[in-house]
Amino acid sequence: MNVREPAHQVSPRARHLWLLHSLVGFVLLAGGSFLLARWIGRSEWGWVPEWFAGSWWVLPALVVVISLPLLVAEPFVRYAVHRWELAGDVVYARSGCLTREWVFVPVSRIQTVDKSQGWFERMLRLATLEIRTASHAGSSTVKGLDHQVAAALADELARRAEELRDDAT
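Residues numbered from 1 in each chain as written. Predicted model: local features only at pLDDT ≥ 70, side-chain atom pairs only at ≥ 80, totals over all residues. Heavy atoms only, no water.

Draft legend 1. Expanded view of the pattern of salt bridges. What the rule picks out here adds up to 9 salt bridges. E130 serves as the salt-bridge partner of R132, at 2.4 Å between the closest nitrogen and oxygen. R132 sits in the partly exposed class, given a relative accessible area of 35%. Put simply, E156 and R160 hold a salt bridge, and the shortest N to O gap is 2.8 Å. Residue E156 and its partner R160 are both found in helix α5 (residues 147-168); the two are separated by 4 residues, about one turn of the helix. Judged by relative accessible area, which is 23%, E156 ranks as partly exposed. Members of the salt-bridge network, linked through shared partners, are E156, R159, R160 and E163. (Salt bridge = Lys/Arg side-chain N within 4 Å of Asp/Glu carboxyl O. Buried < 20%, exposed > 50% of the residue type's maximum accessible area, 1.4 Å probe, protein only. Helix = DSSP H or I, 4+ residues; strand = E, 2+ residues; numbered from the N terminus.)

Put into structure tokens, the structure is as follows:
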């Protein structure tokens, strides 16, 4: 089966959001490796090799050299693959860089539609839309939507789900 791409990309500002998340993670990773390597390198434990005690800074340097390019590239790759679409009576979302995930959520099965914003999302006027069904496997989350797009989509999904429930009775 050949599955087509959903029609809409998330907001271009999502790249900034994911870059901020990556930078926070990078600072924690680099800072943690620096503190750990310095603590172990300056200790006088017998199991620490002499070469490490004199060159403890190599570990955090390696962490920076290896992780920085990956952390900077990840938001742009993620932006390229994250897509969504409301087609007929199905919400269709695709995500994932290494492992692709396609989720089809029938509007008739939607129980709740929630819109949320974290600190960075509020700062960048973005939102996350969580579409929930009775089954966890049928639920979907679309991150990086423009706040107004997320609000309009949430209203449209709620309206369509209500209409479909009324038609079924």
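Let's pick the thread back up.
Draft legend 2. Representation of the sheet that holds strand β7 (residues 140-146). Strand order in the open sheet formed by 3 strands is β5-β6-β7, and the pairing between neighbours is antiparallel. Either end of the sheet is taken by a strand with one partner, and the two such strands are β5 (110-116) and β7. Strand after strand, the sheet turns through a mean of 20° between neighbouring axes, direction not considered. With 5 bridges connecting them, strand β6 (residues 126-133) and β7 associate as antiparallel partners. Looking across to β7, one finds that I131 is bridged to S140. (Pairing = 2+ DSSP bridges. Axes fitted to C-alpha atoms, helices over the stretch in contact; angles between N-to-C directions.)

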